[in-house]
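# Chains, contacts and geometry: an overview
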Amino acid sequence: MRARELGRKSVVVGDRVGLVGDVSGASGALARIVRIAERTSVLRRTADDDDTTAEGRLERVVVANADQLVIVSALADPPPRTGFIDRCLVAAYDAGVEPLLCLTKADLAGPEAVLGYYTELELPYVLIRPGSELADLRTLLAGRVSVMVGHSGVGKSTLVNRLVPEAERAVGTVSAIGRGRHTSTSAVALRLPPTPGPGAGGDPGWIVDTPGVRSFGLAHVSAESLLHGFSDLVEATVDCPANCPHTADEATCALDAWVAAGRADPRRLASYRRLLASRSGEGDAREPERNPGDPLAGS
């Protein structure tokens, strides 16, 4: 229960709270949340990019106090969508949370195309195959609070069940058109089990499993902060004029010359400008996570 004196202040997964009452954990025990500690990080998303719409103004806190955002993407069935990954990266950097790219179904396709797209970012990643050891992933999760996000059908719930067998998260299938079916319906924090063997005994960490999402709205992120998710483009903006909007119709924007000189992938610039456009209501609200013309987009 939440104490009345907290008013309308919400409590979300990941919050550290103060309790009074029976905190024994026994069946029938009742305690009240009377204090919510200051959050070290808040990962948010909106249903829309445009803050002039009702969906864009409605912020949803995904998790509080996370250290790491694990972006789960399948390499095939459904195909990877770099536009969605770009959005997650923007949200992570805006929240002060470190990103980790987790590529599942590595038995069906290689990671070269996806990793090549992010080569300039030096984005940490891990490959997951059915039945493969998860030692590398467990090492990256140890001692941290990690929130896992991804489209439905990418194998996120299957991965969670492998990491925490007693979690018994619902596992879905992928439809004939390559879309995952939603399985998880609520975010839940799960304590990772201790790792057996040499070096065991440290904090194994926590993972927060979230419902599968089809889009990751960024209306809560300022236009200036969008660039944080595109560190490979930041240096070019030094040569831009003051208050440059960085749009394609801005003749003096230095980003085009930067890409033309081979210093960044043109798909990255296209993705960045697509996000800028979607903030003004010019983007495709039906599939905001896709990058037009990107062979990785699965379109």
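Residues numbered from 1 in each chain as written. Predicted model: local features only at pLDDT ≥ 70, side-chain atom pairs only at ≥ 80, totals over all residues. Heavy atoms only, no water.

### Some thoughts on the pattern of salt bridges
Under the criterion given, the structure shown has 10 salt bridges. Here arginine 87 makes a salt bridge to aspartate 49, at a shortest N to O gap of 2.7 Å. Highlighted residues: arginine 87 in helix 2 (residues 82-95) and aspartate 49 in the loop between strand 3 (42-46) and helix 1 (54-57), separated in sequence by 38 residues. Judged on exposure class, the residue arginine 87 and its partner aspartate 49 are both buried. (Salt bridge = Lys/Arg side-chain N within 4 Å of Asp/Glu carboxyl O. Helix = DSSP H or I, 4+ residues; strand = E, 2+ residues; numbered from the N terminus. Buried < 20%, exposed > 50% of the residue type's maximum accessible area, 1.4 Å probe, protein only.)

### Notes on the packing of aromatic side chains
All chains considered together, the criterion is met by three aromatic pairs. Each ring, one from tyrosine 117 and one from tyrosine 118, has its centre 4.6 Å from the other, and the planes form 90 degrees; the classification is edge-to-face. Residue tyrosine 118 is classed as buried on the basis of its relative accessible area of 3%. For the ring pair phenylalanine 230 and tyrosine 272, a centre distance of 5.4 Å and an interplane angle of 55 degrees mean the geometry is tilted. In this pair, phenylalanine 230 is assigned in the loop between strand 10 (206-209) and helix 6 (231-234) and tyrosine 272 in helix 8 (residues 266-279), connecting sequence segments 42 residues apart. We note that phenylalanine 230, like tyrosine 272, is buried. (Phe/Tyr/Trp six-rings, centres within 6.5 Å; stacked < 30°, edge-to-face > 60°.)

### With respect to the nonpolar core
Ranked by size, the top nonpolar core spans 49 residues in total, and within it Leu69, Val147, Leu233 and Tyr272 carry the most contacts. Among the secondary structure elements, those contributing two or more residues to this core are strand 4 (59-64), strand 5 (68-74), helix 2, strand 6 (98-104), helix 3 (112-117), strand 8 (145-149), helix 7 (255-260) and helix 8. A total of eight residues in this core trace back to one element, the largest contributor, which is helix 2. Discounting chain neighbours no more than four positions away, the residues touching tyrosine 272 are Ala223, Leu226, Leu227, Phe230, Leu233, His246 and Leu255. (Core = buried A, V, L, I, M, F, W, Y, C linked by side-chain atoms within 4.5 Å. Contact = heavy atoms within 4.5 Å.)

### Considerations on the pairing of strand 5
Counting buried residues along strand 5, seven of its seven residues qualify, which places the element largely inside the surrounding structure. Alternating positions in strand 5 separate into two faces, Gln68, Val70, Val72 and Ala74 on one and Leu69, Ile71 and Ser73 on the other, with burial throughout. Pairing of strand 5 with strand 6, which is carried by seven bridges, proceeds in the parallel orientation. Within strand 6, the residue paired with valine 70 across the bridge is leucine 100. Handedness of the crossover joining strand 5 and strand 6 through helix 2 is recorded here as right-handed. Here four bridges tie strand 5 to strand 8, and the two strands are oriented parallel to one another. The partner of leucine 69 across the bridge, within strand 8, is valine 147. (Pairing = 2+ DSSP bridges. Right-handed = clockwise from strand over helix to strand, strands pointing away.)

### Let's talk about the packing of helix 2 against helix 8
The N-to-C vectors of helix 2 and helix 8 enclose an angle of 70 degrees; their axes lie 11 Å apart at closest approach. Overall, the two elements helix 2 and helix 8 adopt an arrangement that is roughly perpendicular. When helix 2 is examined against helix 8, the residues Asp86, Arg87 and Val90 are found in contact with a partner set consisting of Arg268, Ser271, Leu275 and Ser278. In terms of residue class, the contact of helix 2 with helix 8 is built from two nonpolar, two polar and three charged. (Axes fitted to C-alpha atoms, helices over the stretch in contact; angles between N-to-C directions. Parallel < 35°, antiparallel > 145°, perpendicular 65-115°, else oblique. Nonpolar A, V, L, I, M, F, W, Y, C, P; charged D, E, K, R; others polar.)

### A closer look at a nonpolar patch on the surface
A surface patch of nonpolar side chains, about 300 Å² in accessible area, is lined by Val11, Val17, Leu19 and Val23. Note that valine 11 resides in the segment before strand 1 (17-21). Note on valine 11: relative accessible area 33%, which makes it partly exposed. (Patch = residues over 30% accessible without salt bridge, like charges linked within 9 Å, V, L, I, M, F, W, Y side chains within 5 Å. Areas by Shrake-Rupley, 256 points an atom, 1.4 Å probe, with all protein chains shown as cover.)

### Examining the side chain of threonine 46
Tracing the backbone shows threonine 46 in strand 3. A distance of 2.5 Å separates a polar atom in the side chain of threonine 46 from the backbone oxygen of aspartate 48. Each residue touching threonine 46, except ones within four places of it in the same chain, is listed here: Glu55, Gly56, Leu58, Glu59, Arg60, Phe216, Gly217, Leu218, Ala219 and His220. (Polar contact = N/O pair within 3.5 Å; in protein donor to acceptor, adjacent residues only side chain to side chain.)

### Here we look at helix 5 (residues 156-163)
With respect to burial, helix 5 is a largely interior element, six of its eight residues being buried. Listing the buried residues of helix 5 in full gives Lys156, Ser157, Leu159, Val160, Asn161 and Leu163.

### Remarks on helix 8
In a regular helix each residue adds 1.5 Å, so 14 residues correspond to 20 Å; helix 8 covers 20 Å between its end C-alpha atoms and thus fits that length. Along helix 8, 10 of the 14 residues are buried, which leaves the element largely enclosed by surrounding structure. Listed as buried for helix 8 are Arg268, Leu269, Ser271, Tyr272, Arg273, Arg274, Leu275, Leu276, Ser278 and Arg279. Close packing links the buried residues of helix 8 with helix 2, helix 3, helix 6 and helix 7. (Expected span 1.5 Å × (residues − 1).)

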